[in-house]
Each structure stands twice: as C-alpha cells, then as structure tokens.
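Commentary on secondary and tertiary structure
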Amino acid sequence: MKTFSKLFFALIISFTAILPAKAAEPLRVQNFEGGIGLLRNSISLGAPSGLEAGGTALPLLLASAEVRLNLPNTPWDIGVCYSYIDAAYIDDDCPGFHGNESFMFGVCSHYNLRQGRKVNPYFGLGAGVALWDPFDGKAGFAIEPRVGVEFLYHIRLSLECQISRKYYNAVGLTLGFVIGGRPKKPKKTE
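Just so we're clear, the structure is a prediction, and the values are computed from it rather than from any experiment. (Residues numbered from 1 in each chain as written. Predicted model: local features only at pLDDT ≥ 70, side-chain atom pairs only at ≥ 80, totals over all residues. Heavy atoms only, no water.)

**Topic: the environment of S64**
Inspection of the secondary structure assignment puts S64 in strand β3 (residues 60–70). Sequence separation between S64 and R40 is 24 residues; the distance between their C-alpha atoms is 8.4 Å. The contact partners of S64, leaving out residues within four places of it in the chain, are G35, I36, G37, R40, Y82, S83 and T174. (Helix = DSSP H or I, 4+ residues; strand = E, 2+ residues; numbered from the N terminus. Contact = heavy atoms within 4.5 Å.)

**Structural notes on the pairing of strand β7 (residues 138–151)**
Across six bridges, the pairing between β7 and strand β8 (residues 155–162) is antiparallel. Note on β8: the bridge partner recorded for G148 is S158. The antiparallel pairing of β7 with β8 creates a hairpin that spans three residues between the two strands, and L152 there sits at a positive phi of about 50°. (Pairing = 2+ DSSP bridges.)

**Brief notes about the pairing of strand β9 (residues 170–180)**
Of the pairings in the sheet, the one linking strand β1 (residues 32–44) to β9 comprises 11 bridges and is antiparallel in character. Opposite R40, over in β9, you have T174 as the bridge partner. Bridge count between β8 and β9: eight bridges; the pairing is antiparallel. Along β9, the bridge assignment pairs Q162 with A170.

**Details of empty space enclosed by the protein**
With a probe scaled to a water molecule rolled over the atoms, the places where space remains empty come into view. This model, assessed by the stated rule, comprises two cavities of 30 Å³ or more. For the largest cavity, the calculated volume is near 200 Å³. Every element with two or more residues in the lining of the largest cavity is listed here: β1, β3, β4 (76–90), β7, β8 and β9. A class-by-class count of the residues in the lining of the largest cavity yields six nonpolar, eight polar and seven charged. One number sums up the size of the second largest cavity: a volume of about 60 Å³. Lining the second largest cavity are V29, E33, N70, N112, Q115, G116, R117, N120, E150 and G181. For the lining of the second largest cavity, the class distribution of residues is one nonpolar, six polar and three charged. (1 Å grid on protein atoms, 1.4 Å probe; cavity = no way out; pocket = protein on both sides within 12 Å on 5 of 7 lines; lining within 4 Å. Points joined across faces, edges and corners; volume = space filled by probe spheres on them. Nonpolar A, V, L, I, M, F, W, Y, C, P; charged D, E, K, R; others polar.)

**A look at the nonpolar core**
L45, Y111, L113, F123, V147, L159, C161 and V171 form the largest nonpolar core, which has eight residues in total. C81, C108, W132 and Y168 belong to the second-largest nonpolar core, a separate cluster that totals seven residues. (Core = buried A, V, L, I, M, F, W, Y, C linked by side-chain atoms within 4.5 Å. Buried < 20%, exposed > 50% of the residue type's maximum accessible area, 1.4 Å probe, protein only.)

**Examining the packing of aromatic side chains**
The tally for this structure, following the rule as stated, stands at five aromatic pairs. Here the aromatic rings of Y82 and F105 are separated by 5.2 Å at their centres, their planes lie at 40°, and the arrangement is tilted. Residue Y82 is found in strand β4, and its partner F105 is found in strand β5 (residues 97–112); the two are separated by 23 residues along the sequence. When its relative accessible area of 23% is taken as the criterion, Y82 is described as partly exposed. Through a chain of ring-to-ring contacts, three or more aromatic side chains come together here, namely W76, Y111 and F123. Over the ring of Y122 we find R156; its NZ or CZ atom is 3.9 Å from the centre of that ring. (Phe/Tyr/Trp six-rings, centres within 6.5 Å; stacked < 30°, edge-to-face > 60°. Lys NZ or Arg CZ within 6 Å of the ring centre and 35° of its normal.)

In short, shape yes, function no, at least from these values alone.
Spelled out as structure tokens, the structure:
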C-alpha cells in the first residue's frame, strides 16, 4: 500500500506541475503521427495478498503503440492505442519477479502544451478494453491517465497509470519514438 500511495502522489504532482503552465499557441503540424513505446518499466500498484509489489526487472521492448490525428488549429490530438503493462510482484516462495500482464486496446487523446515545438509537454487519457488473461478470455474496462514530454519531435518520455482490475493496476515509464506530427513548412508565395 505504501508503494501505491507514493506512486499515486507522484502522478498527481506530475499532472498538477504542468497544468498551470501556459500553453503556447499551437503551430501548424502534420495531420497524423504515430508512435511506438520502445522501452517501458512498470511498477505494480498492488500485489496479490501477502506478496510485495515490485517493478519489472528490465524495461520491456515494444510495450505500446499509437496512431494519432492532430486536430487542426488546436493543441488536441485523438487516436487509437495499444498498451502493455506488467503489474509485477515479488514472491518470496518463488524467487524473482512475477507479473499480472494487461493488454489494453482503445482510444486516446492528449492536450499538447507546446505543440510543434522542440520540447512539448502533454497530458492525456487512454481508455478501452484490457485483456488480463488473453487465452482465458478475461477482459474488462481500463483507463490510462498519462503525462509526458516530447523532445525534438521524435523522442517521447511518458508516465502512464493503467487502472483496470485489482492486482493488474500499474504505473509505467515509457521511452518511445514518434513519426510525423512535425511542424508544417510555410507555403511559399510567389
């Protein structure tokens, strides 16, 4: 429970730290962008009874993917997303990390504070269907609040909190790569 409290508090602080920042006038950017979460390390927000919550031992590859539409003349984007997160826990009877894996397929939206600039903080929300045990058909609703920064139009660092089901809730830190969404070049006038 202490881990949950600390992570929840850190997530709330992250959100409130960027909210008061004055959003810059959005620049005209490319209509579509896509991204891949290359590395994600996650921490469980609650382990099964009697076990200790832990983080994944190593960052996971290809943990998430998104395709987004940048809404014209606004700092908003909307899109579809896939997100994988591992709610790891430590079992003293069986050494090593164990996890409750969750795969989320859904929609997402973000508000970009400095859209089209080399440093672009953003916050948003993903929501959809989470598959907890895909081979057994166990699924349910999940939400994923997120906050992050996009650097140099292509590098994205984000903190997500996937909330879906007891023992499957987790916070993840993702390093990703973005294609598209760069500022549009001004049209040449003759």
